[in-house]
Every structure is written in structure tokens, then in C-alpha cells.
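Letter by letter, the chains look like this.
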Amino acid sequence: MRIPDIMKERMTLSFEVFPPKEDQPLEPLLAVLDRLYPMQPDFISCTCGAGGTNAGRHMEICQSILEAENPTVPISHFTCIGRHKDDIREQMRRCLDLGIDHLLALRGDIPAGWEGTRGDFSHASELIGFLREEFGDRFVIAMAGAPEKHIEARTFAEDIAHLRMKQDAGADFLMTQLCYDVERFKEWLDKIRTAGIHIPVDVGIMPVLTKKSVIRMCLGMNGCSIPQPLAELISRHYNDSDEDFMKAGIEFTIRQVYEYMALGIGGLHFYSLNKADAVLEICEGCGLSHRK
């Protein structure tokens, strides 16, 4: 079944993994996937490196997800970075030949020193439109959204306009960047619905596991806020052991997941960071391991 159709019936559960570097073994990630499969996720997405790096391993992982003993839907991340139309056609045909028919279409992060994407498309909306023109409905296409505004957008209005353009180009559902501030997420959700963005929303959940990772992901990479409750948690447990901080962070994440679930969102998408234990503990704490 196609992911947007499942979201019309119930909330989905999914995970994100990323491929190891070329000189690193694949087996540790395959072991993580084996731990996640018993949760019966509706899909597992796999990132690709900037500029298409790790593309081969990326496809290898998607194929492994599809061919697992208890298979689920793999979602292949695909960016505009360095991509030209002929290359995109070839990659998409390869996906279809492998049975991979769900994509997350992204512009992608511009590599340091580059001017633009160095490809045929500068925006994800253009890539989505091209995929629809070339392949019709053969792919389910997800688009990305930032509840606290994309770091490169000058205003919320500009950012939401780009979201509407991606939907109108043919995106089927929206996957969000991390957002620790649920109140700001609610405001964003109201704004995009008012703007006519009606497709299902899959919420990206970044577990709170270490104070350094929270600060890096929010302030060093994504321009996201650290809301007061999370700031207080970091302050209270700043000198705790890594184990004690993670325990408090998991409890915070469980409470946040409940808040998102109460909003009637289309799905929960956990950024696993290629680790299974903490994500599984969060899912167990939310009752998600007994959802079927």
C-alpha cells in the first residue's frame, strides 16, 4: 500500500538511517535494521551524502530493506545536487527496476565552495515536477518541510510558498525537519493548512540523547530553537553522566511524541542516528510497539 493511503487510515511509524562511508562496513547498519524490523515500521528512509556521495551504498541499503525477511517500504532520498535530467532518468529507472517506488525529493545541502546545485534543477519543486512529468504516478513522492522555517528562507511566507509549490508540483506527503518546540509546530501546521497545503504531515522526531547533539543539530545545522523545557533539561542534567542525561532525554522525547500524536499528525518518523536501543525504548515508552 502507498504511504499516503496508510496515513488516511492511521498514523504511520517509520525510521531514518544513513549509509556508512565507503571504507566502513555495512554490517553494523544491517544489524540496526534487524533490530528495527520487528517494530513493523511502515517505511524506512535512507539518506544520501551531499553531492550524491555514498549513492551506491544508499541504493544497496534500500534494496536490503526491500528484501528483508519482514520487508517494509524503503524511501530513497534524492537531491538536485549535481543531478542532470539524463542522470535522474537513469537513477529513477534503476529504482523502479529494484522495486523502489517511494522517494523523498530534496534540493539538498549545497556543498562548501559550490555556487548553486550544479545540476539542472535549483529547487525541489522543479525536481518533483520533472519526476511527475517523466514517470507519472509510478513514484510516491515525499517533500521536506521545516516547522521553524528553512534556514535559507527569508520569511515564513516565502518558506510556506515554496511548500505550496512542491505540493502543487506533485508531492504526496510532507516529512518535517526536527522540531523540539511543539507550540511552534502547531502554529506552522495552522499556517500551511491555511495556505492550502493539505497533504499528510509526517513529523520528524530527533531523540534527545546527548546535550552536544541537541546543540549541534539545532544551532550548528538547522537553525532550530531549543525551547524552555528542553533548555531547562540540559541545564539540570548538564553535569550528569552520559547515561543519566540520555535517560532524562528519552523521557523528554516520549512526552513530546505524545504531544505530537495528540495533534492528529499523519505519522511519526524517528531519526535513528543508526542506533536502535534508544529509539526502541522511546517507542516502547509510547506504546508504539503494541500498535498492531
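Everything discussed here concerns the structure shown above.
For every chain, the first residue of the written sequence is number 1, and numbering continues from 1 along that sequence. Only residues with pLDDT of at least 70 are given local features in this predicted model, and only at 80 or more are side-chain atom pairs given and counted; all residues enter the totals for whole chains, interfaces and linings. Heavy atoms throughout the structure, all of them, feed into the side-chain values; hydrogens and water do not.

Chemist: Sorry, what's going on with the overall build of the protein here?
Modeler: Secondary structure summary: the protein contains eleven helices and eight strands in total. Two things to know: the radius of gyration comes from C-alpha atoms, and the globule rule equals 2.2 Å times the number of residues to the power 0.38. Its C-alpha radius of gyration of 18 Å places the protein within 12% of the 19 Å reference for a compact globule of 292 residues. Taken over the C-alpha atoms alone, the protein extends approximately 55 × 45 × 45 Å along its principal axes. Put simply, 79% of the contacts in the protein that link residues at least 6 apart link residues at least 24 apart. Roughly 13,700 Å² of accessible area belongs to the protein as shown, and the carbon and sulfur atoms make up 49% of that amount. Elements are defined by DSSP. Helices are runs of H or I of four residues or more, strands are runs of E of two residues or more, and each kind is numbered from the N terminus. We call two residues in contact when some of their heavy atoms are within 4.5 Å. Here the Shrake-Rupley method, with its probe set to 1.4 Å, supplies the accessible areas, and only the displayed protein chains count as covering residues.

Chemist: Hey, could you run me through unusual backbone geometry in this one?
Modeler: Note: most peptide bonds trans; most residues except glycine with negative phi. Here the phi dihedral of K149 falls at roughly 85 degrees; this positive angle occurs in a residue that is not glycine. Assignment of secondary structure puts K149 in the loop between strand 5 (140–145) and helix 6 (156–169). Backbone geometry places L273, a non-glycine residue, at a positive phi of 55 degrees. Mapped onto the elements, L273 comes out in the loop between strand 8 (267–271) and helix 11 (277–285).

Chemist: When you look at the pattern of salt bridges in this model, what are you seeing that I'm missing?
Modeler: Close approach of charged atoms allows side chains of opposite charge to pair. Any Lys or Arg side-chain nitrogen located within 4 Å of an Asp or Glu carboxyl oxygen qualifies as a salt bridge. Under the counting rule described, the total for this entry stands at twelve salt bridges. Its salt-bridge partner being R164, residue D168 comes within 2.9 Å of it at the nearest N-O pair. In this pair, D168 and R164 both sit in helix 6, four residues apart, roughly one turn of the helix. Each residue is placed in one exposure class: buried if its accessible area under a 1.4 Å probe, protein chains only, is under 20% of its type's maximum, exposed if it is over 50%, and partly exposed if it falls in between. A relative accessible area of 31% places R164 in the partly exposed class. Salt bridges here are not isolated pairs; linked through shared partners, they connect D86, R89 and E134.

Chemist: I keep staring at the pairing of strand 1 (residues 12–17) and nothing clicks. Help me out?
Modeler: When you tally the buried positions in strand 1, you get six out of six residues, the bulk of the element. Neither face of strand 1 is open: one carries T12, S14 and E16, the other L13, F15 and V17, and all of them are buried. Whether two strands pair depends on DSSP finding at least two bridges between them. Both strand 1 and strand 8 contribute to a ladder of five bridges, which runs parallel. Bridging from a neighbouring strand, T12 pairs with G267 of strand 8. With the strands pointing away from the viewer, any crossover whose connection runs clockwise from the first strand over the helix to the second is right-handed. In terms of handedness, the path from strand 1 via helix 2 (residues 27–36) over to strand 2 (residues 43–46) forms a crossover that is right-handed.

Chemist: Honestly, the nonpolar core in this entry has me stumped. Any pointers?
Modeler: Considering soluble globular proteins, one finds that nonpolar side chains tend to be buried as a cluster. We define a nonpolar core as any set of buried Ala, Val, Leu, Ile, Met, Phe, Trp, Tyr and Cys residues linked to one another through side-chain atoms lying within 4.5 Å. Among the nonpolar cores identified, the biggest contains 66 residues, and M92, L131, F185, Y260 and F270 are the most heavily contacted of them. If we skip the residues at most four places from it in the chain, Y260 touches C179, D181, V182, F185, V203, I205, I265 and L268. Counting 15 residues, the second largest nonpolar core, distinct from the first, contains L178, Y180, L230 and Y271.

Chemist: Would you take a moment to explain the side chain of D172 for this structure?
Modeler: Tracing the sequence through the fold places D172 in the loop between helix 6 and strand 6 (173–176). Leave out the neighbours within four places in its chain, and D172 touches R2, P4, R132, F139, V140, I141, I199 and P200.

Chemist: For this particular structure, what's the right way to read the packing of helix 5 (residues 124–135) against helix 6?
Modeler: The description of two packed helices rests on the angle between their axes and on the distance between the axes. Helix axes are fitted to C-alpha atoms over the stretch in contact, other axes to C-alpha atoms as well, and angles between N-to-C directions run from 0 to 180 degrees. It is at 8 Å that the axes of helix 5 and helix 6 come closest, and there the two elements cross at 5 degrees. Taken together, helix 5 and helix 6 sit at an angle that is classed as roughly parallel. In this structure, helix 5 contributes A124, S125, I128, G129 and R132 to the contact, and helix 6 contributes M165, K166 and A169. In this classification, Asp, Glu, Lys and Arg are treated as charged, Ala, Val, Leu, Ile, Met, Phe, Trp, Tyr, Cys and Pro as nonpolar, and every other residue, Gly included, as polar. The class makeup of the residues in the contact of helix 5 with helix 6 is four nonpolar, two polar and two charged. Roughly parallel here means an angle under 35 degrees, roughly antiparallel means over 145, roughly perpendicular means 65 to 115, and every remaining angle is called oblique.

Chemist: Looking at this structure, I do not really get the packing of aromatic side chains. What am I missing?
Modeler: Aromatic ring pairs are defined here through the distance separating the ring centres and the angle between the ring planes. Here a Phe, Tyr or Trp ring, Trp counted by its six-membered ring, pairs with any other such ring whose centre lies within 6.5 Å, and the pair is stacked when the planes are under 30 degrees apart, edge-to-face when over 60, and tilted otherwise. If you walk through the whole model with that rule in mind, you get six aromatic pairs. Grouped by ring-pair contacts, the aromatic residues F185, W188 and Y260 constitute a single cluster. We count a charge as sitting over a ring when the NZ of a lysine or the CZ of an arginine lies within 6 Å of the ring centre and within 35 degrees of the ring normal. Above the plane of the ring of F245 lies K211, whose end atom (NZ or CZ) is 5.8 Å from the centre.

Chemist: Where do I start with the pairing of strand 3 (residues 73–79) in this structure?
Modeler: With respect to burial, strand 3 is a largely interior element, seven of its seven residues being buried. Where burial is concerned, the two faces of strand 3 agree: the one with V73, I75, H77 and T79 and the one with P74, S76 and F78 are both buried. As paired strands, strand 2 and strand 3 are joined by four bridges and run parallel to one another. Opposite I44, over in strand 3, you have P74 as the bridge partner. Both strand 3 and strand 4 (residues 102–106) contribute to a ladder of four bridges, which runs parallel. Counted as the bridge partner of S76 is L103 from strand 4. Taken together, strand 3, helix 4 (residues 85–98) and strand 4 constitute a β-α-β crossover, and its handedness is right-handed.

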